[in-house]
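The lines below spell out each chain.
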Amino acid sequence: MIVPDPKVARTLLTRYATLRIAQSEGERPETARELKDVTYTLCVLMGTSDVGEAVAAADALLAPAGAVRTAGPGLSLAV
């Protein structure tokens, strides 16, 4: 099994979060396009077709060894 590079996962999560915030502040075509691209790339990197699963997988990859996730559902974005 190939394990994604944590640095790449962290960069994509950070960019994904930044673009989601930008979209919530005001819809712009270029931001929507970049968000779509980053979402796709994050999903491919994490081996899933669902962005929620991709974010969860990236969070798990970046979590310290032995850490127990106590947060509820949603996007924790461990960056």
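Structure report, in brief. (Residues numbered from 1 in each chain as written. Predicted model: local features only at pLDDT ≥ 70, side-chain atom pairs only at ≥ 80, totals over all residues. Heavy atoms only, no water.)

It is worth spelling out the overall build of the protein chain at this point. On a plain count of helices and strands, the protein chain comes out with three helices and zero strands. Along the protein chain, from the amino end to the carboxyl end, the secondary structure elements read α-α-α. In the protein chain, which comprises 79 residues, the share counted as buried stands at 28%. When the accessible area of the protein chain is evaluated, it comes to approximately 5,300 Å², of which 59% is carbon and sulfur surface. (Helix = DSSP H or I, 4+ residues; strand = E, 2+ residues; numbered from the N terminus. Buried < 20%, exposed > 50% of the residue type's maximum accessible area, 1.4 Å probe, protein only. Areas by Shrake-Rupley, 256 points an atom, 1.4 Å probe, with all protein chains shown as cover.)

With that out of the way, let us pick up helix H2 (residues 29-46). Here H2 contains 18 residues, and its C-alpha end-to-end distance of 26 Å stays within 8% of the 26 Å for a straight helix at 1.5 Å per residue. Among the residues making up H2, those that are buried are Thr31, Leu35, Val38, Thr39, Leu42, Cys43 and Met46. Angular distribution of buried residues about the axis of H2 spans 135°; they occupy a single face of the element. Seen from the open side of H2, the exposed residues pointing more than 90 degrees away from its buried face are Pro29, Arg33, Lys36, Tyr40 and Val44. Structurally, H2 contributes buried residues whose contacts are with helix H1 (6-25) and helix H3 (51-62). Gly47 occupies a position one or two residues after H2 and carries a positive phi of about 70°. (Expected span 1.5 Å × (residues − 1). Arc of directions from axis to C-beta. Contact = heavy atoms within 4.5 Å.)

The next point concerns the side chain of Thr48. Assignment of secondary structure puts Thr48 in the loop between H2 and H3. Assessed through its relative accessible area of 17%, Thr48 is described here as buried. For Thr48, the side chain forms a polar contact with the side chain of Glu53, separated by 2.7 Å. Ignoring any residue separated from it by four or fewer positions in sequence, one finds Thr48 in contact with Cys43, Glu53 and Ala54. (Polar contact = N/O pair within 3.5 Å; in protein donor to acceptor, adjacent residues only side chain to side chain.)

Turning our attention to H1. Here H1 is 20 residues long and its end C-alpha atoms lie 29 Å apart, about the 28 Å a rise of 1.5 Å per residue gives. Residues Ala9, Leu12, Leu13, Tyr16, Ala17, Leu19 and Gln23 constitute the buried set of H1. The opening residue of H1, the one whose side-chain oxygen lies 2.9 Å from the backbone nitrogen of Lys7, is Asp5.

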